[in-house]
Amino acid sequence: MNNHPAARRARMPPCNDTTVPKWDESCPRELPQYFKELEYLFADCSITDNTQKKEYALQYISYDTAETWLGLPEFGNNIGNNTPRPYTYQEWKLTVLRLYPGTDASAHYNLGDLERLVNQTFNSGLATLGRFSDYYRDFQCIARWLLANSKLYHNEERCLFQQGIPTSLWSKIVCCLEITLPDHHPEDPYDVDQVFEGAKWVLKGTDTSTTKTSNGTSGIPLSSPIANAPAAPLPMLNALEHLEALLTNGNAQPHQQFANSTCHFCGEIGHTMVQGTCMKLEQMIQQGKVCRNAEGKIILPSGAMIPNYFSKRLYMECIEEWHRLNPGQIVTGRLSSNANPDPEQAAMQQSLIHEVMQQDVAMGQALSKEEWIEALEHELFALR
């Protein structure tokens, strides 16, 4: 028996072997990596035949996916052309990759991916160093690709990173950076790495374990607007949304839902930025200073995101500062079921909604879920 290393030729592993290339079909972005690992095996096993390469590529994927790839014209021979020749493995691979838009290297990420990450992170919070590190790595992964492909500017990158940090944590990070970077100009946003260093100091001693799911994401879905919703007056719609939130959260007592919450818009305790719960936010929307886009995000009249001014901590302060620097920018022609609302009636409705939202916090008495829903239904009836 010849045991010389040159005489022992490597063989392609069977499909149930632990060393075979794997591809999670729910992540199209990972398909090029599957082909790359497959081609390492081809080189190691001295496989050069195009047909063999195609057949081995089908061996390590699911049956349904293999059927799709097998049915491509490029898998067989180019018999129909005037100069018949077999399709190469590379031609077939490019055709396969075109079936999955997420594999396109020229559109790996977009600005919407970065904005979704920022909004998800702000909503979920950054209470530990491990969670902040996840945010930093995910942000840098997307932002660096956008910067390298001229789809993002450095100042946009810095401002977006700061917008994903909750207000209370951001104020502590700023205090730290003011000490470590005393010469930093107050109108310039801090660099992403500088903010991360400040966060590591502020969150020192907290849990450093990751909070990611198995697919590498935070697993926090963004809320989406309901298409073709029936028209309704804004105050009544807000109260209905609040009632729906109570119905979907039956285990929580009404007086506990917002009692310990801090609004990132106005800074007051007892409510959040959920549509209809912050009176100052609703007033600014009524005044045309801000509006909500199709995703429910608060944006400026120009459609841009709210800027992050160094000396301003709350969204309300940033919006007022923006309007001070850009006078006359007011949203006109807002869609409403009532084109010419009565100012007195609108004020009464807003006051009534505010009373409903704050009643559980002010009174301090715990009602049952059924009693609270009955009270809300009574107030809704009074609005009609």
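Small disclaimer: the values here were computed from a predicted structure and weren't measured.

Draft legend 1. Looking closely at helix α8 (residues 167–180). Counted at 1.5 Å a residue, the expected span for α8 with its 14 residues is 20 Å, and the 20 Å between its end C-alpha atoms agrees. Taken together, the buried positions of α8 are Thr 167, Leu 169, Trp 170, Ile 173, Val 174, Cys 176 and Leu 177. In the core, the buried residues of α8 are packed alongside α5 (111–124), α6 (129–148), α7 (154–163) and α9 (192–202).

Draft legend 2. Examining the nonpolar core more closely. Core analysis: the biggest nonpolar cluster contains 30 residues, and Phe 132, Phe 139, Phe 161, Ile 165, Ile 173 and Val 195 have the highest contact counts within it. Those elements giving two or more residues to this core turn out to be α5, α6, α7, α8 and α9. If you tally residues by element for this core, the top one is α6, at ten residues. Counting residues in hydrophobic clusters, the runner-up holds 24 residues, among them Met 12, Trp 23, Leu 41 and Phe 75.

Draft legend 3. Quick look at the pattern of salt bridges. In this structure the tally under the stated criterion is eight salt bridges. The residue Arg 324 makes a salt bridge to Glu 321 at a minimum N-O spacing of 2.6 Å. Of this pair, Arg 324 and Glu 321 both sit in helix α13 (residues 315–325), separated by three residues, roughly a single helical turn.

Draft legend 4. Highlighting the packing of aromatic side chains. Summed over all chains, the structure comprises 19 aromatic pairs. Centre to centre, the rings of Phe 75 and Trp 92 are 5.8 Å apart; their planes meet at 70 degrees, and the pair counts as edge-to-face. Residue Phe 75 is located in the loop between α3 (63–70) and β1 (77–78), and its partner Trp 92 is located in helix α4 (residues 89–98); the two are separated by 17 residues in the primary sequence. Each member of the pair, Phe 75 as well as Trp 92, is classed as buried. With a centroid separation of 5.9 Å and 65 degrees between ring planes, the pair formed by Tyr 135 and Phe 139 is classed as edge-to-face. Of this pair, Tyr 135 and Phe 139 both sit in helix α6, four residues apart, roughly one helical turn. Exposure class is identical for Tyr 135 and Phe 139. Each is buried. Within the aromatic cluster, the residues linked to one another by ring pairs are Trp 23, Tyr 34, Phe 35, Phe 42, Trp 69, Phe 75, Tyr 89, Trp 92 and Tyr 100. Positioned above the aromatic ring of Phe 75 is the side chain of Lys 54, whose terminal nitrogen or guanidinium carbon lies 6.0 Å from the ring centre.

Draft legend 5. Just the side chain of Thr 65, in detail. Checked against the element boundaries, Thr 65 lands in helix α3. The class for Thr 65 is buried, based on a relative accessible area of 8%.

Draft legend 6. Representation of the environment of Pro 101 in the model. As for its position among the elements, Pro 101 is in the loop between α4 and α5. You can call Pro 101 exposed: its relative accessible area is 68%. For the pair formed by Pro 101 and Arg 29, sequence separation is 72 residues and the distance between their alpha carbons is 8.4 Å.

Draft legend 7. Summary view of empty space enclosed by the protein. Inspection of the entire model under this criterion finds five cavities of 30 Å³ or more. Approximately 170 Å³ is the volume found for the largest cavity. Along the walls of the largest cavity sit 15 residues, with Gln 162, Thr 167, Asn 308, Arg 313 and Tyr 315 positioned nearest its centre. Residue assignment for the lining of the largest cavity shows that the elements contributing at least two residues are α7, α8 and α13. Taken together, the residues that form the lining of the largest cavity break down as nine nonpolar, four polar and two charged.

Draft legend 8. Local environment of the confidence of the model for the protein. Confidence in the prediction for the protein averages 75 pLDDT; 67% of positions are at 70 or higher. With pLDDT under 50 throughout, residues 219–233 is counted as low confidence; its partners more than four residues away or in other chains account for 13 contacts. Taken as a whole, residues 250–257 scores under 50 in pLDDT and shows twelve contacts with residues more than four places along the chain or in a different chain.

Draft legend 9. The arrangement of unusual backbone geometry in detail. Although it is not a glycine, Ser 46 sits at a positive phi angle of roughly 60 degrees. Its identity is not glycine, yet Ser 150 carries a phi of approximately 60 degrees, on the positive side. Tracing the chain through its elements places Ser 150 in the loop between α6 and α7.

Draft legend 10. View of α9. For α9, the full list of buried residues reads Val 192, Val 195, Phe 196, Gly 198 and Ala 199. Down the axis of α9, the smallest arc covering the buried residues is 165 degrees, so these residues share one side. Considering only its buried residues, α9 is in contact with α6, α7 and α8.

Draft legend 11. How the structure looks around the state of the cysteines. Under the criterion given, the structure shown has zero disulfides. Just so you know, Cys 175 is unpaired, no disulfide at all, and the nearest cysteine sulfur is the one on Cys 176, 8.8 Å from it.

Calculation notes
- Residues numbered from 1 in each chain as written.
- Predicted model: local features only at pLDDT ≥ 70, side-chain atom pairs only at ≥ 80, totals over all residues.
- Heavy atoms only, no water.
- Helix = DSSP H or I, 4+ residues; strand = E, 2+ residues; numbered from the N terminus.
- Expected span 1.5 Å × (residues − 1).
- Buried < 20%, exposed > 50% of the residue type's maximum accessible area, 1.4 Å probe, protein only.
- Contact = heavy atoms within 4.5 Å.
- Core = buried A, V, L, I, M, F, W, Y, C linked by side-chain atoms within 4.5 Å.
- Salt bridge = Lys/Arg side-chain N within 4 Å of Asp/Glu carboxyl O.
- Phe/Tyr/Trp six-rings, centres within 6.5 Å; stacked < 30°, edge-to-face > 60°.
- Lys NZ or Arg CZ within 6 Å of the ring centre and 35° of its normal.
- 1 Å grid on protein atoms, 1.4 Å probe; cavity = no way out; pocket = protein on both sides within 12 Å on 5 of 7 lines; lining within 4 Å.
- Points joined across faces, edges and corners; volume = space filled by probe spheres on them.
- Nonpolar A, V, L, I, M, F, W, Y, C, P; charged D, E, K, R; others polar.
- pLDDT = per-residue confidence, 0-100.
- Arc of directions from axis to C-beta.
- Disulfide = S-S within 2.5 Å.

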